[in-house]
Amino acid sequence: MARFLEYIPGTSFLHRMNPLAKLACALLISIACFCSTNIIFLACILALDFALAATCKMTRQAARLAKAVAIFSIILAIIALLTTPQGTLLVAALIIIMRLIACAIPLFLVLYITKLGDIANACCKVLHVPYKYAFTFTSAVHFIPVFMNDMKGIMEAQTARGVEFDSGSIVKKLQLMVPLCVPLLVSSVRKINSAAIAAEVRGFNLRTPASGYKEYPFSGKDVLAMVLCLALIALALAINVLPTLF
């Protein structure tokens, strides 16, 4: 089973799309979510997200992500309920939850179906982004599952020593988690230092956009996908404007 944010190989259309086209489509879908307050439209975006996940056989990952984002968004919705002075509070809270889930799934889906190296190289070759900035972004994403795995190993070691993380109140659990930050920090610094040395040995400072051998041309399907995502934004804006006209 693939870890969190670990690339999952496949032959679906989404896997074969240009890396920048995937990023652009994910961003445009996210923008469309924040351009509309219509619950039906947001529900359709959610359905589209799960349909895209199903095409690359990632429905389970999308469902898990939706569950995790829903927990976080419920907290934000509660804050909105307590701070909104007027209006339909429950509807506003529901919109917050649906928006966050609908925009999170395509963004995380891109990271699952695209190699981080392809994202960095495509940004350098096509967008002319300095490689050190692209490498910083992809390295940050790469180390998220690494740190999560380290944290899991540290917790398992502490559990073997008799520490019970599953019992007690939330405050007690947080108190048990705080001491684990020190070994995680030490392990993280070691890994980052090793990665920096390896990058320097391989001539990181000498890399240019021409260093990558792979090309990333846009196909007609990539352009069509981006146009359809732009149409989603136009539809979202139109839905907001229509009630004011009638």
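Just above sits the structure.
Notes on the structure in this doc start here.

About the thresholds
Residues numbered from 1 in each chain as written. Predicted model: local features only at pLDDT ≥ 70, side-chain atom pairs only at ≥ 80, totals over all residues. Heavy atoms only, no water. Helix = DSSP H or I, 4+ residues; strand = E, 2+ residues; numbered from the N terminus. Buried < 20%, exposed > 50% of the residue type's maximum accessible area, 1.4 Å probe, protein only. Contact = heavy atoms within 4.5 Å. Areas by Shrake-Rupley, 256 points an atom, 1.4 Å probe, with all protein chains shown as cover. Lys, Arg positive; Asp, Glu negative; His and termini not counted. Charge placed at Lys NZ, Arg CZ, Asp CG, Glu CD.

## Some words on the overall build of the protein
Link 1 in the chain: Looking only at helices and strands, the protein has ten helices and zero strands in total.
Link 2 in the chain: For the protein, the N- to C-terminal ordering of α and β elements is α-α-α-α-α-α-α-α-α-α.
Link 3 in the chain: Here the C-alpha coordinates of the protein stretch approximately 65 × 55 × 30 Å along the principal axes.
Link 4 in the chain: Across the 246 residues that make up the protein, the buried fraction comes to 35%.
Link 5 in the chain: Residue pairs at least 24 apart in sequence account for 77% of intrachain contacts in the protein once pairs closer than 6 positions are excluded.
Link 6 in the chain: Surface summary for the protein: the accessible area is close to 15,100 Å², and the carbon and sulfur share equals 70%.
Link 7 in the chain: Positive and negative side-chain charges in the protein, numbering 21 and 10 respectively, have mean positions lying 2 Å apart.

## Details of the environment of valine 171
Link 1 in the chain: Within the secondary structure layout, valine 171 lies in helix H8 (residues 170-177).
Link 2 in the chain: Judged by relative accessible area, which is 54%, valine 171 ranks as exposed.
Link 3 in the chain: Placed 56 residues apart in sequence, valine 171 and valine 227 show a C-alpha to C-alpha distance of 49 Å.

## Overview of unusual backbone geometry
Link 1 in the chain: Even without being a glycine, lysine 57 presents a positive backbone phi close to 55 degrees.
Link 2 in the chain: In this structure, lysine 57 sits in the loop between helix H3 (39-55) and helix H4 (59-83).
Link 3 in the chain: Its identity as a non-glycine residue notwithstanding, histidine 128 has a phi of 60 degrees, on the positive side.
Link 4 in the chain: Within the secondary structure, histidine 128 sits in the loop between helix H6 (116-126) and helix H7 (131-160).

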